[in-house]
Amino acid sequence: MQKRNATAAVIGAGDYIGAEIAKKFAAEGFSIFAGRRNGEKLAPLVKEIEEAGGEIHGRSLDARKEEEIISFLNDADKHAPLEVCIFNIGANVNFPILETTERVFRKVWEMACYSGFLAGREAARLMLPRGKGHIFFTGATASLRGGAGYAAFASAKFGLRAVAQATARELGPKNIHVAHLIIDSGVNTEWVRQRRLEALGPDALNDPDALMPPASVAESYWQLYQQPKSAWTFEMEIRPFKEKW
């Protein structure tokens, strides 16, 4: 592993997608700053990366709080220049419109849109003086269309896509690559597996190609990072080859 004098920050470093992103960039020599609501849950990820020879700093982080985002990214940048910031908070919930409370709608927007704005803005603040950097946002099918029961989630993901697009148009000419990765698929997580079993019955998990492995998402982010600035992608859609779309 060739060590880089650079940090990759993962905001929303959950057990699946976020953890795989952290492991991929750590394996490529980045120092990792990983943040999630309950920082103690990062212990297995920290152990795995350190045992593989990588460097990671796990933190508790409420990304909806401006002061916490600022502190988290500033600490990452002080450790080594912040080169990559990946916003990976989901907030995927499904409620019929009459059961979507004001609190649910507001909290989902705060988690999946507002906190993404904060992360992107503060990452840009650190990257602009150096004239380089990468800011990536995790999107979903709901970034493009609002399905039944997804008024809260889709509106937040639509908003995050707009934040990412506006930021990309502003920062691209300043050599900062901003990209939005749309995951148009169920990802192979415990929560998704359980939902598929409830909806489709005991045979729902028989096909191993029906769900996207979290490591494939991490690999897609690495591909975005490696793109030459003469051919940057703003928006990438990924789905398993068996996914209907």
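Attention in this report is confined to the structure presented alongside it.

What counts, and where the lines are drawn
Residue numbers here run from 1 along each chain, matching the order of that chain's written sequence. Owing to the predicted nature of the model, reporting of local features is limited to residues with pLDDT of at least 70; listing and counting of side-chain atom pairs is limited to 80 or more, with chain, interface and lining totals taken over all residues. The side-chain figures draw on all heavy atoms in the structure; neither hydrogens nor water molecules are used. The definition of a nonpolar core used throughout is a set of buried Ala, Val, Leu, Ile, Met, Phe, Trp, Tyr and Cys residues joined through side-chain atoms within 4.5 Å. Under the scheme applied here, a residue whose accessible area is under 20% of the maximum for its type counts as buried, over 50% as exposed, and between as partly exposed, the area being computed with a 1.4 Å probe on protein chains only. Numbering goes from the N terminus for both helices and strands, where a helix is a DSSP run of H or I of at least four residues and a strand is a run of E of at least two. For this analysis, residues touch if any pair of their heavy atoms sits within 4.5 Å. Polar contact criterion, stated in full: a pair of N or O atoms within 3.5 Å, where within protein one must be able to donate a hydrogen and the other to accept it, and residues adjacent in sequence count only if both atoms are side-chain atoms. What makes two strands pair is DSSP finding at least two bridges between them. Place the viewer so that the strands point away; then a crossover is right-handed whenever the path from the first strand over the helix to the second strand goes clockwise. Note on definitions: angles span 0 to 180 degrees between N-to-C directions of axes, and those axes are lines fitted to C-alpha atoms, for helices only across the stretch in contact. Pairs were defined over the aromatic rings of Phe, Tyr and Trp, the Trp ring being its six-membered one, requiring ring centres within 6.5 Å. Orientation was assigned from the angle between planes: stacked under 30 degrees, edge-to-face over 60, tilted for the rest. The term salt bridge refers to a side-chain nitrogen of Lys or Arg lying within 4 Å of a carboxyl oxygen of Asp or Glu.

### What to know about the nonpolar core
Soluble globular proteins: nonpolar side chains tend toward being buried together.
Reasoning step 1: Counting 34 residues, the largest nonpolar core has Ile 21, Phe 25, Phe 30, Ile 32, Val 217 and Tyr 221 as the members making the most contacts within it.
Reasoning step 2: Put simply, the parts of the chain that give this core at least two residues each are strand S1 (7-11), helix H1 (17-27), strand S2 (31-36), helix H2 (43-51), strand S4 (82-87), strand S6 (176-183), helix H7 (214-226) and strand S7 (235-238).
Reasoning step 3: Judged by nonpolar contacts, the second largest core, of 27 residues, contains Leu 61, Leu 118, Leu 126 and Ile 135.

### Section: the environment of Arg 239
Reasoning step 1: Along the chain, Arg 239 turns up in the segment after S7.
Reasoning step 2: When the C-alpha positions of Arg 239 and Lys 132 are compared, they lie 29 Å apart, and in sequence the two are 107 residues distant.
Reasoning step 3: Those residues in contact with Arg 239 that sit more than four places away from it in its chain are Asp 184, Ser 185, Met 212 and Trp 245.
Reasoning step 4: Among the polar contacts made by the side chain of Arg 239, one reaches the side chain of Asp 184 at a distance of 2.8 Å.
Reasoning step 5: Within the structure, the side chain of Arg 239 is placed 2.5 Å from the side chain of Glu 237, a separation counted as a polar contact.

### Here we look at the pairing of strand S5 (residues 133-140)
Reasoning step 1: Taking burial as the measure, the eight residues of S5 include eight buried ones, the bulk of the element.
Reasoning step 2: As defined by bridge partners, S4 adjoins S5 across four bridges and the pair is classed as parallel. Looking at the pairing, Val 84 lines up with His 134 of S5.
Reasoning step 3: At this point the chain moves from S4, through helix H4 (residues 102-127), to the parallel S5, and the crossover so formed is right-handed.
Reasoning step 4: One ladder, built from eight bridges, connects S5 with S6; its direction is parallel. Bridging across to S6, Phe 137 finds its partner in His 180.
Reasoning step 5: Each parallel crossover has a hand, and the one from S5 via helix H5 (residues 151-171) to S6 is right-handed.

### Let's talk about the sheet that holds S1
By way of backbone hydrogen bonds, the strands of a sheet pair with one another, either parallel or antiparallel.
Reasoning step 1: Pairing within the open sheet is parallel, and its seven strands lie in the order S3-S2-S1-S4-S5-S6-S7. A single partner strand is all that each edge strand has here, and the edge strands are strand S3 (55-60) and S7. Across the sheet, the mean angle from the axis of one strand to that of its neighbour is 15°, orientation sign disregarded.
Reasoning step 2: Where S1 meets S4, five bridges bridge the pair, whose relative direction is parallel.

### With respect to the packing of aromatic side chains
Reasoning step 1: Tallying each qualifying case throughout the model produces twelve aromatic pairs.
Reasoning step 2: An aromatic cluster is built from Phe 25, Phe 30, Trp 222 and Tyr 225, whose rings are joined through pairwise contacts.

### Here we look at the side chain of Thr 138
Reasoning step 1: Tracing the backbone through its elements, the reader meets Thr 138 in strand S5.
Reasoning step 2: A distance of 2.6 Å separates polar atoms of two side chains, one belonging to Thr 138 and the other to Tyr 221.

### Topic: the side chain of Lys 24
Reasoning step 1: Position of Lys 24 relative to the elements: it lies in helix H1.
Reasoning step 2: Discounting chain neighbours no more than four positions away, the residues touching Lys 24 are Ala 218, Glu 219 and Trp 222.

### Digging into the pattern of salt bridges
Reasoning step 1: All chains considered together, the criterion is met by 18 salt bridges.
Reasoning step 2: The salt bridge partner of Glu 219 is Lys 24, with a shortest N-O separation of 3.4 Å. Placement of the pair is Glu 219 in helix H7 and Lys 24 in helix H1, with a sequence separation of 195 residues.
Reasoning step 3: Note that Glu 102 and Arg 106 form a salt bridge whose closest N and O atoms lie 2.7 Å from each other. On the criterion of helical spacing, the pair formed by Glu 102 and Arg 106 is a turn pair, its members being four residues apart in helix H4.
Reasoning step 4: Judged by relative accessible area, Arg 106 falls into the partly exposed class, the value being 37%.
Reasoning step 5: If you follow the salt bridges from partner to partner, you end up with Glu 66, Arg 121, Glu 122 and Arg 125 in one network.

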